[in-house]
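Okay, here's what each chain looks like letter by letter:
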Amino acid sequence: MVGKGDGQNVSNVAVPNDALIASGSGGQAMISNSAPLLGFRVLEFAGIGPGPFCGMLLADLGATVVRVDRAIDGDKKDDRELQERYLSDVMGRSKLSIDLNLKDPASRGVLEELIAKSDVLLEGYRPGVMERLELGPLDVEKINPTMIYARMTGWGQSGPLSARAGHDMNYISLAGILSMIGPFEAEPVIPLNLVGDFGGGGMFMAFSIAAALAGRASEERFMVIDTAMFEGAATLASMIFGMRSNGSWIDERDSNLLDGGAPFYSIYRCKDGGYVGVGALEPQFYATLIDRLGQSENELFSKQYDKATWPAMRSAFSEIFLGQNRSYFEELLGDIDACTFGVFTPSEAIDHPHSRFRGSFSEVGGVSQPSPGPIFNATRPSVPGLPPYPGRDREKIMEIFQIQR
Ligand SMILES: CC(C)(COP(=O)(O)OP(=O)(O)OC[C@H]1O[C@@H](n2cnc3c(N)ncnc32)[C@H](O)[C@@H]1OP(=O)(O)O)[C@@H](O)C(=O)NCCC(=O)NCCSC(=O)C(=O)O
């Protein structure tokens, strides 16, 4: 299985961004344990949320991801100023950008060359947009008969809702998920935009693209992937759908094992206003927790899975945790399997000794962000390259794709 970039010596070894440039020497692709997608080329049509996230995951693992942007309006600022302005575009890291007006026939030549020489096309417009641009699957197949054409939408390419605008919370609602999160008899809680956009969307799509690339080993053919965020989100809830069917989950918030209904899988406030998350599901870990809290003899904690005891158990836990600061419990429970930890802010997560030990976060252009991952053969993928501003890499892209002007 080879990528369209295999004749290029392209690396995602990051800052400075020049490391992303092909040498043009026609050398062999570099093989790296931590960059399994090295040599594959992805053409990403700029969008929001899940598409860019999917592109980031692919770039993190070594793919050459070219983002097709709209040109920046107004006066061109100098490159340094523009680069600084885009440093916070974490999902753009390690990508290259070309600006093209997709509605201008003059862009067509370059666009077709990029399509012909890429392995994956990634788009997140409303259904019909690519077709109107004459870039739909039927058009692209004529240019590149082995393209993996990956489409990201909230509702999918078909069905009564497919043309409707929407956002994460709308999609995860149709997955049945939004109704499940939050306090009993209060409004559902928005789980940021992580479940639809990034879990059910970007991650699901990246997985499906990797699967399609792997499938090329047996057959190279044109492939259209229709990723619907609501379906990806529902897939994340597969286990819960199973539990519903056997009666171990009810359609009522805050009433189940993993939705805050169980007092031994809940969050408690401490004296200083910090929180701890108690996740002591298994009897042995629960027993360890109760023991270290000095409550082994307390009847209120004696019947872990007896629902009738849960209200009193919750009150007792609340009182204990309110009695001391968060750091007290972190120290008390830090060296045992009590499945209980502080609820960390992003800054605390970045500074935690464990994440520091593993290099879980990196600083790129002064912006703290999750490091590329996962770790392959004990090697973490390279530190990312700086995210591009629109049009930053036009020249480099022309060189890598060997496009004549
Ligand atoms: C997000 C959207 C609702 C935004 O709707 P719209 O602003 O109406 O955008 P559309 O995708 O419908 O259309 C984009 C239009 O821009 C045009 N277009 C795009 N790029 C270019 C360039 N480079 N040059 C010229 N024209 C361009 C394209 O041809 C379309 O034109 P015309 O054809 O002339 O219209 C929709 O894109 C969408 O449903 N996408 C799929 C699902 C999705 O991504 N949802 C948001 C997830 S993020 C999220 O939930 C969150 O962050 O929260």
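Up top is the structure.
Residues numbered from 1 in each chain as written. Predicted model: local features only at pLDDT ≥ 70, side-chain atom pairs only at ≥ 80, totals over all residues. Heavy atoms only, no water.

Two numbers describe how helix 1 (residues 50-60) lies on helix 7 (residues 194-215): the axes approach to 8 Å, and their chain directions differ by 45°. One way to sum up the angle between helix 1 and helix 7 is to call them oblique. Considering how the two elements wind past one another, helix 1 and helix 7 form a crossing that is right-handed. Counted together, P50, F53, C54, L57 and L58 of helix 1 and D197, F198, G201, G202, M203, M205, A206 and I209 of helix 7 form the full contact between these two elements. Residue classes in the contact of helix 1 with helix 7 are distributed as 10 nonpolar, 2 polar and 1 charged. (Axes fitted to C-alpha atoms, helices over the stretch in contact; angles between N-to-C directions. Helix = DSSP H or I, 4+ residues; strand = E, 2+ residues; numbered from the N terminus. Parallel < 35°, antiparallel > 145°, perpendicular 65-115°, else oblique. Left-handed = near helix turned anticlockwise from the far one by under 90°. Contact = heavy atoms within 4.5 Å. Nonpolar A, V, L, I, M, F, W, Y, C, P; charged D, E, K, R; others polar.)

Moving on, we come to the sheet that holds strand 5 (residues 148-153). Reading across the sheet, the 6 strands line up as 3-2-1-4-5-6 and stay open at both edges, with parallel pairing between neighbours. Among the strands making up the open sheet, the edge pair consists of strand 3 (96-99) and strand 6 (223-228). Looking at each pair of strands side by side, their axes are set apart by 20° on average, direction ignored. Direction of pairing for strand 1 (residues 41-45) relative to strand 2 (residues 64-69): parallel, over a ladder of 5 bridges. Each residue of the ladder has a partner; that of E44, found in strand 2, is R67. Across the sheet, helix 1 lies against strand 1, strand 2, strand 4 (120-123) and strand 5, angled at about 160° from strand 1, the strand it touches most. (Pairing = 2+ DSSP bridges.)

Ranked by size, the top nonpolar core spans 34 residues in total, and within it L58 and I209 carry the most contacts. Contributions of two or more residues to this core are made by helix 1, strand 4, strand 5, helix 7, strand 6 and helix 8 (229-236). In this structure, F45, L96, L100 and L111 belong to the second largest nonpolar core, which totals 25 residues. (Core = buried A, V, L, I, M, F, W, Y, C linked by side-chain atoms within 4.5 Å. Buried < 20%, exposed > 50% of the residue type's maximum accessible area, 1.4 Å probe, protein only.)

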